[in-house]
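# Geometric and topological summary
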Amino acid sequence: MSAIEVIGLQKTYRRAFRRAGNEALRGVDLTVPEGSAFGLIGPNGAGKTTFIKAILGIVQPTAGTVKVLGGSPEDPRIRARIGYLPERLHLPGAWTATAFLHTVAKLKGLRPDGAAHLRLLERVGLAEAALRKIGGYSKGMRQRLGLATALLGAPSLLVLDEPTDGIDPMGRVEVRGILQEEIRRGTTLFLNSHLLAETERVCDRVAILANGRVLREGRLEELSRGGARWAVRFAPGVDSGALAAAGFQAGGADGLYHVEAADAAALNLALDKARAAGALLVELRRDGQDLEAVLTSTVGAAA
Amino acid sequence: MKRRRGGIWLALAVVLLAVGAWLMFTGQGDEPPPQAPKVDFPRRMRQEEWKRAERRRTQVLALAPDAGPTEATPRRPRDPVLAALPRGKGKSAVVIEANALRHSPIGELLVDCLMRDGGKRMDAFRQFSGVDPLQDLDRLVITDDGLILSGNFGNARFKELFKERVSSDYGPGARVYEPGSIVVTLPDGGTGRGQGDETVATWNDQLLVVGDTPGAVKDVLDRVEGRGSDEPPVISEGSTYGEMYGVVSVEQLARMLGRDQPELADQLREVADSVELHLDARSDVAMVAEIRGSDEAKVTDLGKSLGAALSVARLKAQADGNKDLAQLLDFAQVQPDGSEFKLELAVPIDAIRERLAFCRDAGQPPREAGMQP
Amino acid sequence: MRPLFGIAGYVLREAASRKFILAFMVGITLLLLVLSLSLKLEVLDGALAATRLFGNALNHRIVAVDVALRPLYMACAYVVFYGGILFGIVACSDFAPSLMSPGRIEHLLALPLQRWHILGGTFLGVMTLALCGAIYGSGGLLLIFGVKTGYWTLGPLIAALLACASFAAVYAVMLTTATLVRSAALCAASGFLLLVGGIIAGYRTPISRVFEEGLGRRLFEGVTLLLPRLSSLANASAELAASQPLEVKSLEMLLAGVLVFGLGALAVGFWRFEGKDY
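Residues numbered from 1 in each chain as written. Chains lettered and ligands numbered in written order. Predicted model: local features only at pLDDT ≥ 70, side-chain atom pairs only at ≥ 80, totals over all residues. Heavy atoms only, no water.

## Some points on the overall build of chain B
As a reminder of what qualifies: Put simply, DSSP marks the helices as runs of H or I at least four residues long and the strands as runs of E at least two long, and each gets a number from the N terminus on. Buried, partly exposed and exposed residues are distinguished by accessible area as a fraction of the type maximum, computed with a 1.4 Å probe on protein chains only: under 20%, between the cut-offs, and over 50%, respectively. Only heavy atoms enter the contact rule, under which two residues are in contact if any of them lie within 4.5 Å. The protein chains shown are the only cover counted for residues, whose accessible areas, like all others here, come from Shrake-Rupley with a 1.4 Å probe.
Of regular secondary structure, chain B possesses 14 helices and 14 strands. Each of the 373 residues in chain B was classed as buried or not, and the buried ones make up 43%. Considering only contacts within chain B whose residues lie at least 6 apart along the sequence, 61% involve residues at least 24 apart. With an accessible surface of roughly 20,200 Å², chain B has 54% of that area assigned to carbon and sulfur atoms.

In structure tokens form, the structure reads like this:
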């Protein structure tokens with residue numbers, strides 16, 4: 001079953017006295033499987049925040065359908081099962097973290113539980129600051145409180161917009177740990193982060209959104225996979241000509257070569273030829289891409 | 001996908017705004033609000049009253065034969081009615097401006113009451129006496145010793161009216177009619193003879209003086225002619241404002257209060273020296289009583305007691321549901337000022353009109369018992 | 001109804017943390033304290049014999065205490081009415097725009113609430129605040145004068161409640177404005193405009209006579225027909241405070257009309273809020 005199912009989603013923001021609107025989403029089709037950790041990446045202005053607002057019912061789509069947790073996001077019962085952390089969560093500065101959690105719990109229709117709230121604050125690393133006024137919190141602490149708020153009531157779907165924004169590297173590790181715990185618990189995670197390394201480490205599925213359209217979507221390893229291309233490093237003193245004859249192309253670095261091999265037999269045949277020419281193999285790896293490269297290449301290709 | 005249905009709210013808004021407009025329109029009503037009653041208390045001489053007083057200075061006294069060089073400057077003309085007033089402490093005199101009162105709203109109501117029989121009695125009196133009370137009478141003064149009427153009595157048939165009395169001249173223009181045997185109309189329509197007990201005097205067809213004794217009447221005439229005491233009259237010219245004004249002796253006022261407020265009456269006797277009254281009837285009937293005493297602290301205490309008594313009366317009227325009386329006492333107040341204080345009371349003309357409404361329809365019996373104080 | 005009360009509580013909690021509101025409450029308290037300590041009223045059998053404020057004699061007339069206090073109660077009613085509404089406009093103009101600020105409204109809209117709950121709850125919260133302030137101020141006044149004079153009347157309290165009802169209409173318009181433009185200044189401006197319009201609407205009959213017969217007068221009458229008659233309610237509150245007869249034909253209907261206008265304005269806000277993207 002899908003946690004999020006979006007078909008042909010379009011959103012055009014219209015302004016008064018202007019004939020042409022601003023097309024933020026131009027027919028997005030996307031499915032997020034239940035229990036998955038899904039990352040949405042894309043350049044600025046791609047429509048990521050609009051997409052998140054659309055799946056939460058905050059903006060009304062111009063066209064298309066949105067189904068979240070099997071129902072409409074307009075339905076409060078559906079939204080009750082979603083934990084959301086907005087990109088720039090505004091927190092009341094004069095309140096304490098416990099008071100804020102208490103109020104949000106009531107608004108979520110939950111029975112406020114002080115002990116549970118304290119445990120939650122402890123989990124996000126705010127136990128010591130629980131009774132301090134939010135106004136005195138750092139940006140990272142505010143993000144942690146926002147995350148705690150999203151986790152209230154053990155939601156089935158977590159929608160997080162830049163959850164580690166402002167959090168220090170150690171804190172990111174903690175947050176990542178919490179998110180991985182939630183995923184293990186069976187929560188579906190929908191993550192929008194400009195920190196691609198975070199997305200890469202947490203998510204198993206990724207969609208690339210650019211110019212209001214999903215350009216690529218799939219499992220992370222599928223997206224980053226380089227196909228039949230391998231990177232091979234030989235010990236210094238290798239005969240370049242012999243290697244070229246065996247199908248190896250010189251890479252940028254010293255002793256680094258690339259070779260195309262459709263399967264394991266073809267790869268071993270090429271390696272046998274190289275060793276026969278006196279080359280000594282020191283490293284072999286699939287010639288894949290990181291997420292940044294995938295994003296850059298995908299967006300660049302689409303432009 | 002479930003779409004938001006905002007149209008329901010818009011339709012509801014239109015309905016609510018329309019209902020709200022109707023409710024407000026009906027609730028407020030479009031008639032102009034009734035004017036709140038505003039009573040004008042007679043507190044000082046007004047310009048027209050100064051002019052009136054000036055017009056009334058018609059009597060020029062001749063210089064006394066033995067007048068010295070200090071009397072060389074001619075005396076100012078004076079008002080013969082004020083001159084006729086009693087003098088000295090403890091004397092009472094109340095002047096009713098009959099002509100002004102007759103042309104006031106309350107006067108018109110009273111005339112309506114007087115003319116309930118179609119004016120037959122008034123006509124009979126006019127023909128009998130030659131005096132039209134509604135036209136010829138200017139002022140009526142009530143004193144301790146009798147009455148003084150001022151006006152135009154040129155057409156009065158005094159000789160026929162007082163033919164049974166013993167008349168004699170008393171100085172230039174003055175004539176005194178002392179009690180003699182008079183013809184009395186009996187209940188069966190016949191006539192009988194009796195003895196009159198009041199002395200009447202006329203002065204220059206302007207004054208008619210009625211007194212208990214010939215001496216009292218002659219005293220009045222003496223004062224008018226400048227032969228009396230040198231003390232000023234009990235009412236000075238500067239106090240002739242309102243449609244009714246005068247000085248009431250403390251004893252008389254205390255006697256009036258005595259029945260309902262014996263303690264207050266005693267306090268009044270003890271503290272006050274004189275009580276000056278002024279009544280304005282030009283629109284609503286408003287009365288100001290100026291009470292003076294020699295002991296400032298006691299006068300202030302008396303003022304407070306009177307204020308409290310009025311307040312209690314008002315609260316009682318409110319508690320009893322007597323709205324009219326409560327409304328009358330709404331205007332009641334006491335204004336202390338050192339060794340004197342002013343007590344102000346008012347009766348809105350509408351309340352009087354309501355009470356005297358039966359006079360307009362002579363065929364209808366009175367609706368209720370008379371108005372309470 | 002729970003979400004409504006939840007949002008109302010959220011607004012109240014927010015208000016309680018605002019120094020401005022706290023300063024107002026402290027101000028009212030100080031004013032009441034000054035009045036109770038410095039005002040000396042000498043009352044004899046229901047008559048006000050003397051008034052002293054800071055030791056100086058104020059009133060020389062001796063008159064029934066309720067009559068003597070009428071101008072005071074009327075003045076208080078007008079001050080409570082117009083002053084309360086003006087303060088409410090200024091103090092509460094920021095609530096709705098702040099609630100609709102980026103980062104907060106998305107969070108609220110993502111919670112399991114109907115949209116109208118958010119607006120309705122804000123309205124309810126602000127009205128609770130206004131009601132508390134009005135009851136506190138007028139109740140204190142009533143208590144001070146009652147204790148000092150022995151004359152007890154619910155007039156000032158009723159006047160304060162009428163002021164609250166009027167403020168409900170004004171705030172409904174302010175809230176609706178906030179759904180159109182997220183600006184505290186514009187919200188306050190719309191409140192002021194409605195207050196002025198409401199004062200004019202209360203005198204619409206005498207004012208309409210100033211206009212020439214025809215379209216101008218019809219237009220004026222048409223516009224003011226819809227507006228809440230705030231000056232009429234202010235006058236009624238003063239008359240009630242002074243225990244005097246009312247000028248309006250039916251206060252109940254007028255009051256209901258003003259409240260229904262407020263609900264109507266609020267419904268416009270709901271309509272706008274339902275269709276708005278944040």
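## A closer look at the domain arrangement of chain B
Residues and elements named next belong to chain B. Defined as follows: These domain boundaries are the output of an automatic or database domain assignment. Any Lys or Arg side-chain nitrogen located within 4 Å of an Asp or Glu carboxyl oxygen qualifies as a salt bridge. Nitrogen and oxygen atoms within 3.5 Å of one another constitute a polar contact, given that in protein one can donate a hydrogen and the other can accept it, and given that sequence-neighbouring residues count only through two side-chain atoms.
Domain annotation for chain B reports domain 1 (82-231) and domain 2 (249-363). Inter-centroid distance (C-alpha atoms) of domain 1 to domain 2 is 30 Å. Contacts between domain 1 and domain 2 engage 13 residues on the former and 15 residues on the latter. In this structure, the connection of domain 1 to domain 2 is made through zero salt bridges. Summed over the shared surface of domain 1 and domain 2, the number is one residue pair in polar contact (both at pLDDT 80 or more).

## Here's the deal with the sheet that holds strand β10 (residues 229-234) of chain A
In a beta sheet, neighbouring strands are held together by backbone hydrogen bonds and run either parallel or antiparallel to one another. Residues and elements named next belong to chain A. Counted only if it meets this: By this definition, two strands are paired if DSSP reports at least two bridges between them.
An order of β11-β12-β10-β13 is seen for the four strands of this open sheet, with the pairing classed as antiparallel. Each end of this open sheet is capped by a strand with a single partner; those strands are β11 (249-250) and β13 (281-286). Sheet topology places β10 next to strand β12 (residues 256-260); five bridges connect them, and they run antiparallel. Note that in β12 the partner of Arg233 across the bridge is Leu256.

## So, the nonpolar core
The following threshold applies: To define a nonpolar core, start from buried Ala, Val, Leu, Ile, Met, Phe, Trp, Tyr and Cys residues and group those joined through side-chain atoms within 4.5 Å.
Residues Phe51(A), Ile55(A), Leu145(A), Phe190(A) and Tyr171(C) are the most contacted members of the largest nonpolar core, which totals 137 residues. Per element, the largest residue contribution to this core is 12 residues, and it comes from helix α7 (residues 155-180) of chain C. Sequence-distant contacts of Tyr171(C), defined by excluding residues within four places in its chain, comprise Cys92(C), Phe95(C), Ala96(C), Thr122(C), Phe123(C) and Val126(C).

## Let's talk about the interface of chain B and chain C
Where the parts come together, the accessible area they lose is often given as the size of the interface. The cut-off we apply is this: Using a 1.4 Å probe, buried area is obtained as the accessible area two parts lose upon being combined, added over both of them.
Of the residues lining the interface, 38 residues belong to chain B; the matching set on chain C comes to 49 residues. Both sides together, the interface formed by chain B and chain C hides about 3,600 Å², and carbon and sulfur atoms give 64% of it. For the pair chain B and chain C, the number of links is zero salt bridges. Inspection of the chain B/chain C interface yields six residue pairs in polar contact (both at pLDDT 80 or more). Across two bridges, the pairing between strand β13 (residues 333-337) of chain B and strand β4 (residues 62-64) of chain C is antiparallel.

## Concerning the packing of aromatic side chains
Here is the rule we go by: To pair, rings of Phe, Tyr and Trp, with the six-membered ring standing in for Trp, must have centres within 6.5 Å; the planes then decide the type, stacked if under 30 degrees apart, edge-to-face if over 60, and tilted in the middle.
In this structure the tally under the stated criterion is 17 aromatic pairs over all chains. The interplanar angle of 65° and the centroid separation of 5.7 Å between the aromatic rings of Phe273(C) and Tyr278(C) together place this pair among those described as edge-to-face. Of the two residues, Phe273(C) and Tyr278(C), both sit in the buried class. Taken together, the ring pairs connect Phe38(A), Phe51(A) and Phe190(A) into an aromatic cluster.

## Here's the deal with helix α1 (residues 48-55) of chain A
An α-helical segment advances 3.6 residues per turn. Residues three or four places apart therefore align on the same side. All names here are of chain A. Of all eight residues that make up α1, seven are buried, and the element is covered over most of its length. Restricting attention to buried positions, one finds in α1 the residues Lys48, Thr50, Phe51, Ile52, Lys53, Ala54 and Ile55. Just past α1, the residue Gly57 takes up positive phi, approximately 80°.

## What to know about the packing of helix α2 (residues 19-38) of chain C against helix α6 (residues 115-149) of chain C
All names here are of chain C. The following threshold applies: The convention used is that axes are lines fitted to C-alpha atoms, helices contributing only their stretch in contact, and that angles between N-to-C directions extend from 0 to 180 degrees. Here the word oblique covers every angle except those under 35 degrees (roughly parallel), over 145 (roughly antiparallel) and from 65 to 115 (roughly perpendicular). As a working rule, the residues Ala, Val, Leu, Ile, Met, Phe, Trp, Tyr, Cys and Pro are called nonpolar, Asp, Glu, Lys and Arg charged, and the rest polar, with Gly in that last group.
Put simply, α2 and α6 touch, their axes get as near as 10 Å, and they point 5° apart. The angle between the axes of α2 and α6 places the two elements in the roughly parallel class. Contact with α2, carried on its side by Ile21, Met25, Ile28, Thr29, Leu32, Leu35 and Ser36, involves Leu129, Gly133, Tyr136, Gly137, Gly140, Leu141, Ile144 and Lys148 of α6 and no other residues of that element. Taken together, the residues of the contact of α2 with α6 sort by class into nine nonpolar, five polar and one charged.

## Looking at helix α1 (residues 7-28) of chain B
Cut-off, in case you're wondering: One less than the residue count of a helix, multiplied by 1.5 Å, gives the span that helix is expected to have.
A rise of 1.5 Å per residue sets the reference length of α1(B), with its 22 residues, at 32 Å; its end C-alpha atoms lie 31 Å apart and thus fit the reference within 8%. Here α1(B) has its buried residues at Trp9(B), Ala13(B), Leu16(B), Gly20(B), Ala21(B), Leu23(B), Met24(B), Gly27(B) and Gln28(B). Buried residues along α1(B) sit against α6, α8 (184-202), α10 (215-226), α11 (230-241) and α12 (251-274) of chain C. Downstream of α1(B) by one or two residues, Gly29(B) has phi in the positive range, about 75°.

## A few points about the pattern of salt bridges
Here the structure, examined in full by the defined rule, presents 41 salt bridges over all chains. Residue Arg185(A) pairs with Glu182(A) through a salt bridge whose shortest N-O separation is 2.7 Å. Of this pair, Arg185(A) and Glu182(A) both sit in helix α6 (residues 169-185), three residues apart, roughly one helical turn. The structure contains a network of salt bridges with shared partners spanning Arg52(B), Arg56(B), Asp79(B), Glu97(B), Asp138(B) and Arg139(B).

## Considering the pairing of β10(A)
In summary, the side chains of a regular strand alternate between the two faces of the sheet. The sheet contact formed by β10(A) and β13(A) spans five bridges and is antiparallel. Residue pairing across strands places Val232(A) opposite Leu284(A), the latter belonging to β13(A).

## Concerning the side chain of Thr164(A)
Residue and element names in this part refer to chain A. Mapping Thr164 onto the fold places it in the loop between β6 (157-161) and α6. With relative accessibility at 4%, the residue Thr164 sits in the buried group. Setting aside anything within four residues of it in sequence, one finds Thr164 in contact with Gln143, Arg172, Val175, Ser193, Leu195 and Glu198.

## Quick look at the packing of α8(C) against α11(C)
Residue and element names in this part refer to chain C. At their nearest, the axes of α8 and α11 sit 5 Å apart, and the two run at 75° to each other. For the element pair α8 / α11, the angle class is roughly perpendicular. On the side of α8, the interface is formed by Leu194, Leu195, Gly198, Ile199 and Gly202, while α11 contributes Leu230, Ser231 and Ser232. Taken together, the residues of the contact of α8 with α11 break down into four nonpolar, four polar and no charged.

## A few points about the pairing of strand β2 (residues 137-143) of chain B
All names here are of chain B. Judged from the four bridges that link them, strand β1 (residues 93-96) and β2 form a sheet pairing that is antiparallel. Across the sheet, the residue bridging to Ile96 is Leu140, located in β2. In this sheet, strand β3 (residues 146-151) lies alongside β2 in antiparallel orientation, the contact comprising five bridges. Counterpart to Val141 in the pairing with β3 is Ile148. Between β2 and β3, which pair antiparallel in sequence order, lie two residues.

## Some remarks on the sheet that holds strand β8 (residues 205-210) of chain A
All names here are of chain A. Taken in spatial order, the six strands of this open sheet run β5-β6-β7-β3-β8-β9, and their pairing is mixed. Edge positions in the sheet fall to β5 (82-85) and β9 (213-219), since each has one partner strand and no second. For this sheet, the mean inter-axis angle between neighbouring strands, taken without regard to orientation, is 15°. Lying on the sheet, α1 is in contact with β3 (37-41), β5, β6, β7 (188-192) and β8; it crosses β7 at an angle near 150°.

## Quick look at the confidence of the model for chain B
Formally: The score called pLDDT rates the predictor's confidence residue by residue, from a low of 0 to a high of 100.
Of the residues in chain B, 83% reach a pLDDT of 70 or more, and the chain-wide mean stands at 79. The low-confidence segment residues 363-373 of chain B (pLDDT under 50) makes 14 contacts with residues lying over four places distant or belonging to another chain.

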